[in-house]
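Per-entry structural report
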Amino acid sequence: MTFDTARLAQMANAIRALSMDAVQAANSGHPGMPMGMADVASVLWSKYLKFDPSDPHWADRDRFVLSAGHGSMLIYSLLHLSGYANPTMEEIRNFRQLGSPCAGHPENFLLEGVECTSGPLGQGVAMAVGMAIAERHLNATFGDDLVDHHTWAIAGDGCLMEGINHEAIGLAGHLQLGRLNVLWDDNAITIDGGTDLSTSEDIRARYAATGWHVVDCDGHDHADIARAMDEALADSRPSLIACKTIIGKGAPHKQGTAATHGAALGEDEVAAARKELGWDAPPFEVPADVLADWRSTGEAGKQAHAAWQGRLDASRDKAEFLRRMAGDLPEGFNLDEYIASLIAEPSKVATRKASEMALGAINGLLPETIGGSADLTGSNNTKTKQTEPLTPADYSGRYVYYGIREFGMAAAMNGMSLHGGVIPYGGTFLVFTDYCRAAIRLSALQQTRVIYVMTHDSIGLGEDGPTHQPVEHIQSLRAMPNCLVMRPADVVETAECWEIALGQADKPSVLALSRQGLPQVRTEAAAENLCAKGAYRLREASAPRKVVLVATGSEVELAGKVAEALEGAGIGADVVSMPCTELFDAQDARYRADILPKDALIVSIEAGTTFGWERYTGTDGLNIGLDRFGASAPAGDLFEHFGFTVEAVVPKIKAKL
């Protein structure tokens with residue numbers, strides 16, 4: 001490969017100039033990383049990355065992840081310079097300002113060409129692992145003609161220090177994801193100062209130990225960068241390319257120091273950098289010849305795209321491939337027939353088992369689902385007969401054994417969803433959403449369809465005790481925007497909740513499922529998916545209504561028994577099942593008022609914290625819950641001990657009345 005070093009140097013300097021000027025104009029940001037990685041990025045985009053700026057959604061493009069998202073001006077510069085419609089130069093001028101898509105950290109929902117939201121360090125690399133999994137799976141399904149691309153990520157020292165990096169690279173090495181290449185910005189600087197303040201580990205050895213290929217290069221020598229990339233592409237393992245760089249390169253008095261990491265350089269240093277780099281153009285202007293060189297970088301990708309389009313048009317799989325990549329469910333998809341079979345033959349099963357039963361139907365209808373569990377397959381009930389393991393020997397498998405890597409699993413599923421073509425779901429215990437939470441939050445922020453199968457949802461898990469018994473978890477997840485939290489009461493509600501989750505193309509869902517068996521409370525056919533309302537009247541009062549019992553999950557059965565006892569005392573009581581508060585909140589005021597009338601005592605019953613239930617019961621209502629940690633004992637003993645019995649609840653309601 002031949003290089004015009006002078007032209008590449010000017011292309012890299014365009015990144016440096018835009019980055020330092022935008023950060024200076026905002027007086028906020030991180031100029032050091034873009035300036036340090038400008039040479040690496042220029043080689044990648046001009047010689048290796050397969051992309052078409054005229055079609056950012058081309059299915060077979062290479063995926064580029066800026067895991068070190070604080071250096072966001074790197075991706076904004078690259079997108080603008082290489083000819084994407086956005087960001088415009090005006091939008092770059094308004095970096096970090098209200099209304100500009102050039103946010104402080106890259107957001108996938110603001111700019112086409114930004115593959116994922118990054119900034120929480122480490123998650124970008126983990127999402128890149130998920131993208132690489134999706135690529136290999138779809139390649140095994142549709143072949144090289146339609147799916148044949150690489151995933152590239154730029155990561156900093158912080159990304160490699162975060163605990164999720166250990167989880168992510170272990171999974172990638174085990175699955176031998178040779179299409180994944182991580183470019184490490186090895187500048188030995190963090191915000192606090194040199195990395196020797198906080199770490200002395202051998203990162204190269206750690207990656208090698210997990211099955212990665214590791215290669216070093218001078219991050220400012222274009223030919224050496226290309227040599228390392230060529231070695232990475234030739235190796236069947238995932239590759240870590242350690243790029244030795246100088247943070248803030250070009251800023252003569254601050255380069256190589258933490259002063260360039262997280263603050264504007266200052267007007268004097270910006271001027272000095274211009275002189276150092278030989279960059280005479282005014283701020284936010286790029287010389288025509290340099291811009292022309294940058295705009296030419298997408299030409300190879302455009303030609304590859306045209307050739308790919310020809311292969312797609314000739315493929316008998318075209319319609320199915322496009323359907324999956326668009327994220328559309330098959331026309332007419334529903335679980336009506338399966339739900340009808342449940343009504344015909346009622347059963348008492350744990351909702352985790354009900355979820356497995358539903359998946360048995362779903363995975364037969366949707367070939368795009370890929371399941372998994374963080375080493376709890378037999379407890380989460382996430383594997384069905386249709387889902388063989390996804391392994392290095394068979395990437396067509398539809399089940400990932402994630403190991404004890406809850407955070408890594410959640411982030412990888414985000415990457416799989418963002419890649420497109422698959423619908424990922426994964427399981428662990430609900431209490432371990434604490435391990436997953438940062439990735440669940442990014443699921444919600446990035447608007448990804450990821451389904452979290454979270455079992456053992458209350459003190460009902462029993463003897464494992466308070467370390468494993470969720471108390472505050474469901475309400476804390478309900479507080480997260482753009483995330484559906486669903487806690488079904490029986491086998492029918494579980495199927496309905498799965499149907500809802502699969503239909504959410506722009507948000508994640510958390511299914512909170514029981515360990516213990518629950519009786520079927522829905523025994524009559526319904527004309528619609530009742531759970532889609534968020535809450536519905538399961539049982540109407542016989543006597544004049546004075547009480548409305550609102551319950552979720554395993555406590556719906558209890559609410560029914562409490563209602564029977566109240567009715568026996570002449571107190572009319574509705575039973576409302578509320579599997580999803582978010583969906584209920586989205587209903588119109590008339591529906592909500594009908595379900596929760598103001599002339600009745602509203603009582604919530606949930607085996608978790610009562611925090612937040614006053615939104616539905618009002619301050620004059622009654623909240624039955626658990627505002628303390630649990631205990632280790634059989635489930636039945638715990639429910640009795642903590643007052644989840646008819647004998648304990650009815651007197652409280654009578655006293656309140």
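Residues numbered from 1 in each chain as written. Predicted model: local features only at pLDDT ≥ 70, side-chain atom pairs only at ≥ 80, totals over all residues. Heavy atoms only, no water.

1. Quick word on the overall build of the protein
Going by this rule: Starting at the N terminus, helices and strands are each numbered in turn, a helix being any DSSP run of H or I of at least four residues and a strand any DSSP run of E of at least two. As a reference, a globule follows 2.2 Å times the number of residues to the power 0.38, and the radius of gyration itself is taken over C-alpha atoms. With a 1.4 Å probe rolled over the protein chains alone, any residue whose accessible area is under 20% of its type maximum counts as buried; one over 50% counts as exposed, and the rest are partly exposed. Contacts are assigned to residue pairs with any non-hydrogen atoms lying within 4.5 Å of each other. Computed by Shrake-Rupley with a 1.4 Å probe, the accessible areas treat only the displayed protein chains as cover when residues are assessed. Neither His nor the chain ends contribute to the count of charged residues, in which Lys and Arg are positive and Asp and Glu negative. Here the site of a charge means atom NZ of a Lys, CZ of an Arg, CG of an Asp or CD of a Glu.
From N to C terminus, the protein includes 27 helices and 20 strands. Taken over C-alpha atoms, the radius of gyration comes to 28 Å for the protein, in line with the 26 Å a tight globule of 657 residues would show. Taken along the three principal axes of its C-alpha coordinates, the protein extends 90 × 55 × 45 Å. Put simply, the protein has 657 residues, and 61% of those count as buried. Excluding contacts between residues fewer than 6 apart, the proportion of contacts in the protein whose partners are at least 24 apart in sequence is 78%. Accessible area of the protein: about 24000 Å², with a carbon and sulfur share of 49%. Considering the protein, the positive charge centre built from 55 side chains and the negative charge centre built from 85 side chains are found 3 Å apart.

2. Describing the pattern of salt bridges
Filter applied, for reference: We define a salt bridge as a contact between a side-chain nitrogen of Lys or Arg and a carboxyl oxygen of Asp or Glu at a distance within 4 Å.
A full pass over the atoms with the stated rule returns 35 salt bridges. In this structure, Asp-186 engages Lys-244 in a salt bridge whose closest nitrogen and oxygen atoms are separated by 3.9 Å. Here Lys-244 lies in strand S7 (residues 239–244) and Asp-186 lies in strand S3 (residues 180–186), a separation of 58 residues in the sequence. With relative accessibility at 7%, the residue Asp-186 sits in the buried group. Salt bridges sharing common partners tie together Glu-135, Arg-136, Asp-148 and Arg-179.

3. A word on unusual backbone geometry
Here the residue pair Asn-86 and Pro-87 is connected by a cis peptide bond, since its omega of 5 degrees sits within 30 degrees of zero. With respect to the helices and strands, Pro-87 occurs in the loop between helix H4 (73–81) and helix H5 (89–93). Its identity as a non-glycine residue notwithstanding, Gln-447 has a phi of 65 degrees, on the positive side. Looking at the secondary structure, you find Gln-447 in the loop between helix H19 (433–446) and strand S12 (451–455).

4. A closer look at the packing of aromatic side chains
Note the threshold: Between the rings of Phe, Tyr and Trp (Trp by its six-membered ring), a pair exists once the centres lie within 6.5 Å; its type follows the angle of the planes, with under 30 degrees stacked, over 60 edge-to-face, and the other angles tilted.
Per the stated rule, a full pass over the model turns up 18 aromatic pairs. With centroids separated by 6.4 Å and ring planes inclined at 65 degrees, the aromatic side chains of Trp-45 and Tyr-84 adopt a geometry described as edge-to-face. Taken together, the residues Trp-45 in helix H3 (residues 38–48) and Tyr-84 in the loop between H4 and H5 connect sequence positions 39 residues apart. Aromatic side chains Phe-432 and Tyr-435 sit 5.5 Å apart centroid to centroid with 20 degrees between the ring planes, which places their arrangement in the stacked category. Assessed through its relative accessible area of 49%, Tyr-435 is described here as partly exposed.

5. Remarks on the layout of surface pockets
Operational definition: Cavities and pockets were defined on a 1 Å grid built over protein atoms only: a cavity is a set of grid points that admits a 1.4 Å probe from which the probe cannot escape, a pocket is an open set flanked by protein on both sides within 12 Å along at least five of seven lines, and lining residues are those with an atom within 4 Å of any such point. Grid points are joined across faces, edges and corners, and a volume is the space filled by probe spheres set on the points. As a working rule, the residues Ala, Val, Leu, Ile, Met, Phe, Trp, Tyr, Cys and Pro are called nonpolar, Asp, Glu, Lys and Arg charged, and the rest polar, with Gly in that last group.
The volume enclosed by the largest pocket comes to roughly 850 Å³. If you trace the largest pocket, you find 38 residues lining it, with His-57, Met-325, Ser-417, Leu-418 and Gly-420 closest to the centre. Secondary structure elements with two or more residues in the lining of the largest pocket: helix H13 (299–314), helix H14 (318–326), helix H18 (406–419) and strand S11 (423–429). Residues of the lining of the largest pocket, tallied by class, amount to 15 nonpolar, 13 polar and ten charged.

6. Examining the sheet that holds strand S14 (residues 509–513)
The following threshold applies: When DSSP finds at least two bridges between two strands, those strands are taken to pair. What counts as an axis is a line fitted to C-alpha atoms, over the stretch in contact for a helix, and the angles between N-to-C directions run from 0 to 180 degrees.
As summarised here, the arrangement of the six strands in space is S10-S9-S11-S12-S14-S13, forming an open sheet in which the pairing is parallel. The sheet is open, and its two edges are formed by strand S10 (399–401) and strand S13 (484–486), each paired on a single side. Pairwise comparison of adjacent strand axes, ignoring direction, gives a mean angle of 20 degrees for this sheet. Across five bridges, the pairing between S12 and S14 is parallel. Of the residues in S14, the one forming a bridge with Ile-451 is Ser-509.

7. Side note on helix H11 (residues 267–277)
Looking only at H11, the buried set comprises Glu-269, Val-270, Ala-272, Ala-273, Arg-274 and Leu-277. Among the structural elements, helix H1 (5–26) are those in contact with the buried residues of H11. Gly-278 sits one or two positions beyond H11 and adopts a positive phi of about 70 degrees.

8. Things to note about the sheet that holds strand S1 (residues 63–66)
Pairing is parallel in the open sheet, where five strands are placed in the order S1-S2-S3-S7-S6. At either margin of the open sheet sits one strand with a lone partner, and together these are S1 and strand S6 (213–218). On average, each strand axis in the sheet is tilted by 20 degrees relative to the strand beside it, whichever way the strands run. Two elements, strand S2 (residues 151–155) and S3, share five bridges in a ladder whose sense is parallel. Residue pairing across strands places Trp-152 opposite Asn-181, the latter belonging to S3.

9. Quick look at the state of the cysteines
Defined as follows: When two cysteine sulfur atoms lie within 2.5 Å, the pair is treated as a disulfide.
This model, assessed by the stated rule, comprises zero disulfides. With no disulfide partner, Cys-116 has as its closest neighbouring cysteine sulfur the one in Cys-159, 10 Å distant. For Cys-116, a relative accessible area of 3% gives the class buried. What makes Cys-159 buried here is its relative accessible area of 1%.

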